[in-house]
Each structure stands twice: as C-alpha cells, then as structure tokens.
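Spelled out from the first residue to the last, the chains are:
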Amino acid sequence: QVQLVESGGGLVQAGGSLRLSCAASGRTFSSYAMGWFRQAPGKEREFVAAIRWSGGNTYYADSVKGRFTISRDNAKNTVYLQMNSLKPEDTAVYYCAADFTVVAGDPRPYEYDYWGQGTQVTVSS
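Note that this is a predicted model, so its numbers are computed, not measured. (Residues numbered from 1 in each chain as written. Predicted model: local features only at pLDDT ≥ 70, side-chain atom pairs only at ≥ 80, totals over all residues. Heavy atoms only, no water.)

## Quick look at the overall build of the protein
- Scanning the protein for helices and strands turns up zero helices and 11 strands.
- Along the protein, helices (α) and strands (β) appear in the sequence β-β-β-β-β-β-β-β-β-β-β when read from the amino end.
- The globule rule puts the C-alpha radius of gyration for 125 residues at 14 Å, and the 13 Å found for the protein is close to it.
- Counting only C-alpha atoms, the protein reaches 40 × 25 × 25 Å along its principal axes.
- Residues classed as buried in the protein amount to 44% of the 125 residues present.
- Once local pairs closer than 6 in sequence are excluded, the contacts in the protein between residues at least 24 apart make up 58%.
- As displayed, the protein has an accessible area near 6,200 Å², and 47% of this comes from carbon and sulfur atoms. (Helix = DSSP H or I, 4+ residues; strand = E, 2+ residues; numbered from the N terminus. Rg over C-alpha atoms; globule rule 2.2 N^0.38 Å. Buried < 20%, exposed > 50% of the residue type's maximum accessible area, 1.4 Å probe, protein only. Contact = heavy atoms within 4.5 Å. Areas by Shrake-Rupley, 256 points an atom, 1.4 Å probe, with all protein chains shown as cover.)

## Regarding the sheet that holds strand S7 (residues 68-73)
- Sheet architecture is open: four strands sit in the order S1-S3-S8-S7, paired in antiparallel fashion. At either end of the open sheet lies a strand with only one pairing partner, and these are strand S1 (2-7) and S7. Neighbouring strand axes in the sheet, compared pairwise and without regard to direction, differ in orientation by 15° on average.
- Sheet analysis places strand S3 (residues 18-26) next to strand S8 (residues 78-83), joined by six bridges and oriented antiparallel. Paired with Leu 20 across the two strands is Leu 81, which belongs to S8. (Pairing = 2+ DSSP bridges. Axes fitted to C-alpha atoms, helices over the stretch in contact; angles between N-to-C directions.)

## Topic: the nonpolar core
- One finds Leu 4, Trp 36, Leu 81, Met 83 and Tyr 94 to be the most contacted residues of the largest nonpolar core, which totals 36 residues.
- At the level of elements, S1, S3, strand S4 (33-39), strand S5 (46-51), S7, S8, strand S9 (92-99) and strand S11 (119-124) are the ones that each hand at least two residues to this core. (Core = buried A, V, L, I, M, F, W, Y, C linked by side-chain atoms within 4.5 Å.)

## Focus on the pattern of salt bridges
- Evaluated as defined, the whole model comprises six salt bridges.
- Among the salt bridges present, the one from Lys 65 reaches Asp 62, with a minimum N-O distance of 3.2 Å.
- Given the relative accessible area of 68%, Asp 62 is considered exposed.
- The shortest N-O distance in the salt bridge between Glu 111 and Arg 108 comes to 3.9 Å.
- Glu 111 gets classed as partly exposed once you look at its relative accessible area, which sits at 27%. (Salt bridge = Lys/Arg side-chain N within 4 Å of Asp/Glu carboxyl O.)

## A word on unusual backbone geometry
- Look at Asn 77: it is not a glycine, yet its phi comes out positive at around 55°.
- Summarising the element assignment, Asn 77 is placed in the loop between S7 and S8.
- Residue Asn 77 is classed as partly exposed on the basis of its relative accessible area, which comes to 29%.
- Of note in this structure, Ser 85 is not a glycine but carries a positive phi near 50°.

Pasting the structure below:
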C-alpha cells in the first residue's frame, strides 16, 4: 500500500506562486511514477504533470507548460509541484497520484492506483 498526503495549497493572487508537496509512505517511493492532477468544480479530473521514478523525465499538460515544474526527492519520499505565474483558471483541488506500472506521463487518471486527499488551490484575479 501507498499513502499520499498533499500540502501547500492556498489562496494566491494571479501571477503569484505556490509549491505543492506530496509526501509518500508505504512501498519504496523510488519504484513508482508520480503524477499531479487537478479537478475544478463541475469538471473532470485532468492531468497536470508527471515524473518518472528516476526523476529524469517529466511531462506536462499544455496548459501549464512553462509555468509549472514537477520534481521529486526520493530521499525524502516527496514529489513537488512548483506553480508560477498562476492564473484564475488554475483554481482547483490538486491531487497527487502514484502507480507502479503506469507508463510515465500517462495522462489518464484511471491508470493510477494511489491518490492523496487533495489540496485546494485558489487563484484570485
């Protein structure tokens, strides 16, 4: 089993920055791929970013490319999402996800077995 706990969400003005963290426990953290997803009210959960177990390859949704950066620290069992130049349309609950067998960068939420509880990000205009 894998347990994921997100933190770092909050309220920020447009143009501001936030860094989300996802702390993992359970099975060997370095063995699985990690992803960040988000879900706005009334919308489906959507892919934001993903990173391979080695951290060497990263993947981004077009809507966040150039503004968000995903990284991981296997020694701390933590994955991060640095969000810069935030926009009101980035407002959503952000979830981290993990899976041992998913192809790195797969944007389909149902391919990930483990999920955190989510953290709210609100960007005011």
